[in-house]
Amino acid sequence: MISAEQFRFFVDLVKSTSGISLSRGKEYLIESRLNELARSLGMRGLDELYRKAKTHMTSSLKEEIVEAMTTNETYFFRDIHPFEALKKHVIPEISAQKKDKLDIWSAACSTGQEPYSIAILLAEHFPALINGRAKILATDISKKAVKKGAEGRFTQVEVNRGLPVTILVKYFKQQGAFWIVDGKPKKIINFRQMNLLSPMVGLAHFDIIFCRYVLIYFDQETKKQILQKLVKSLNPGGYLFLGATETPMTLPPGIKKQKFGRAICWKKT
Ligand SMILES: C[S@@+](CC[C@H](N)C(=O)[O-])C[C@H]1O[C@@H](n2cnc3c(N)ncnc32)[C@H](O)[C@@H]1O
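Procedures and definitions
Residues numbered from 1 in each chain as written. Predicted model: local features only at pLDDT ≥ 70, side-chain atom pairs only at ≥ 80, totals over all residues. Heavy atoms only, no water. Helix = DSSP H or I, 4+ residues; strand = E, 2+ residues; numbered from the N terminus. Buried < 20%, exposed > 50% of the residue type's maximum accessible area, 1.4 Å probe, protein only. Contact = heavy atoms within 4.5 Å. Pairing = 2+ DSSP bridges. Axes fitted to C-alpha atoms, helices over the stretch in contact; angles between N-to-C directions. Near = heavy atom within 4 Å. Polar contact = N/O pair within 3.5 Å; in protein donor to acceptor, adjacent residues only side chain to side chain. Areas by Shrake-Rupley, 256 points an atom, 1.4 Å probe, with all protein chains shown as cover. Nonpolar A, V, L, I, M, F, W, Y, C, P; charged D, E, K, R; others polar. Expected span 1.5 Å × (residues − 1). Arc of directions from axis to C-beta. Phe/Tyr/Trp six-rings, centres within 6.5 Å; stacked < 30°, edge-to-face > 60°. Lys NZ or Arg CZ within 6 Å of the ring centre and 35° of its normal.

A. Inspection of the side chain of Thr74 at higher detail. Following the sequence through the fold, Thr74 ends up in the loop between α4 (59–68) and α5 (81–97). Classification of Thr74 as buried rests on a relative accessible area of 11%. Leaving out residues up to four positions away in the same chain, Thr74 has contacts with Ser110, Thr111, Gln113, Glu114 and Arg161.

B. Summary view of the sheet that holds strand β3 (residues 153–155). Ordered by their spatial adjacency, three strands build an open sheet running β3-β5-β4, and the pairing between neighbours is antiparallel. Two strands close off the open sheet at either side, each with one partner strand: β3 and β4 (172–175). When the angles between neighbouring strand axes are averaged without regard to direction, this sheet yields 35°. Sheet topology note: the β4/strand β5 (residues 178–181) ladder contains four bridges and is antiparallel. Looking at β5, one finds that Phe172 is bridged to Val181.

C. Structural context of the sheet that holds strand β6 (residues 189–193). Here seven strands make up an open sheet; going across it, the order is β6-β2-β1-β7-β8-β10-β9 and the pairing mixed. Edge positions in the sheet fall to β6 and β9 (255–260), since each of these pairs with one other strand and no more. In this sheet, adjacent strand axes meet at a mean angle of 20° when their direction is disregarded. The sheet contact formed by strand β8 (residues 234–242) and strand β10 (residues 263–268) spans two bridges and is antiparallel. Note that in β10 the partner of Leu240 across the bridge is Trp266.

D. Looking closely at the site of the ligand. Inspection of the region around the ligand gives 22 residues, with Ser18, Thr74, Ala108, Asp140 and Leu196 positioned closest. For the ligand, a nitrogen atom lies 2.9 Å from a polar atom in the side chain of Asn195. Compared with its free state, where it exposes 600 Å², the ligand has 99% of that area covered by protein. Taken together, the residues of the shell around the ligand sort by class into nine nonpolar, eight polar and five charged.

E. Helix α2 (residues 27–40), seen in detail. An ideal rise of 1.5 Å per residue puts 20 Å on 14 residues; α2 measures up with 20 Å between its terminal C-alpha atoms. Buried residues of α2: Ile30, Glu31, Leu34, Asn35, Leu37 and Ala38, and no others. Seen end-on, α2 carries its buried residues on one side only, within an arc spanning 165°. In α2, the exposed positions that point more than 90 degrees away from the buried face belong to Tyr28, Glu36, Arg39 and Ser40. Where α2 is buried, its residues contact α1 (4–18), α3 (46–55) and α4. Downstream of α2 by a residue or two, Gly42 has a phi angle that is positive, lying close to 85°.

F. Representation of unusual backbone geometry. Despite not being glycine, Phe77 shows a phi value in the positive range, around 50°. By the element assignment, Phe77 lies in the loop between α4 and α5. In this structure Phe77 comes out as buried when scored by relative accessible area, which is 14%. Phi at Ile80 takes a positive value of approximately 50°, unusual for a residue other than glycine. Mapped onto the elements of the fold, Ile80 is located in the loop between α4 and α5. You can call Ile80 partly exposed: its relative accessible area is 39%.

G. A look at the packing of aromatic side chains. Here the structure, examined in full by the defined rule, presents 13 aromatic pairs. A centroid spacing of 5.6 Å and a plane angle of 50° characterise the contact between Phe83 and Phe210, whose relative ring orientation is tilted. Of the two residues, Phe83 sits in helix α5 while Phe210 sits in strand β7 (residues 206–211), which places them 127 residues apart along the sequence. By the ring-pair criterion, three or more aromatic residues cluster together here, those being Phe76, Tyr116, Phe154, Phe172 and Phe191. Across from the ring centre of Tyr213, 4.0 Å away, lies the NZ or CZ of Arg78, which sits over that ring. Geometry around Phe178 places Arg153 over its ring, the cationic atom sitting 3.9 Å from the centre.

Structure (structure tokens):
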């Protein structure tokens, strides 16, 4: 069983590196995920991983530990309402004002289902944008998730979660047991590993930011800091979408809440 000292060590490491807060009661989760990681690295188990991390920590080991503690749950067109809002209100409004280009950021994109859903929506409803005017940056702290996203290779179970069959056969091609994203939706997405805690230097400004189901893992102070950074990265008139359960307690200055049907988002004023 994980000791109190090991628990504290891994909790501090994960919090300081990624912002993810693992509270008391998460001992079992840490123990099972890190035991699995230890074995995949050829170690006997958590005790050996702990000793190695304490005495010979490397940046790649730190990355593996943090990565093991992320939750990458995602699916295509998750919650649907934000995608309806994009289609009916947000994209028509932004494209009417800004004819030249559209910059979208899927921050904490996991294995890519979210940015691919946005790209497919563009391909289906905004052909002029998918033909070179729209770009999607897709980032996540998890190297493995970003790699999988960039490959655009999904299992049958993954495509069954949220993708209508007509869309599946139109934008994916089957290769053995997998479905591979094909054509335009793939070309406009740029996948990159990125930690939301890191300074966002050199990052472009965006018309739309999706940052969904990641703030729930952070404490209030970290949430506040990340929200401020996200708002800073929005163009005036741009929209921020968070997860349905992630309404911030206090809003950073410069944004106002907006409802489109059943979708809630925040507009930069
Ligand atoms: C539950 S998934 C959400 C995926 C997608 N946004 C969605 O709503 O379907 C949360 C993602 O946040 C990522 N994450 C956690 N901490 C992060 C950080 N500090 N910076 C960037 N991504 C992070 C995890 O790796 C994980 O892929």
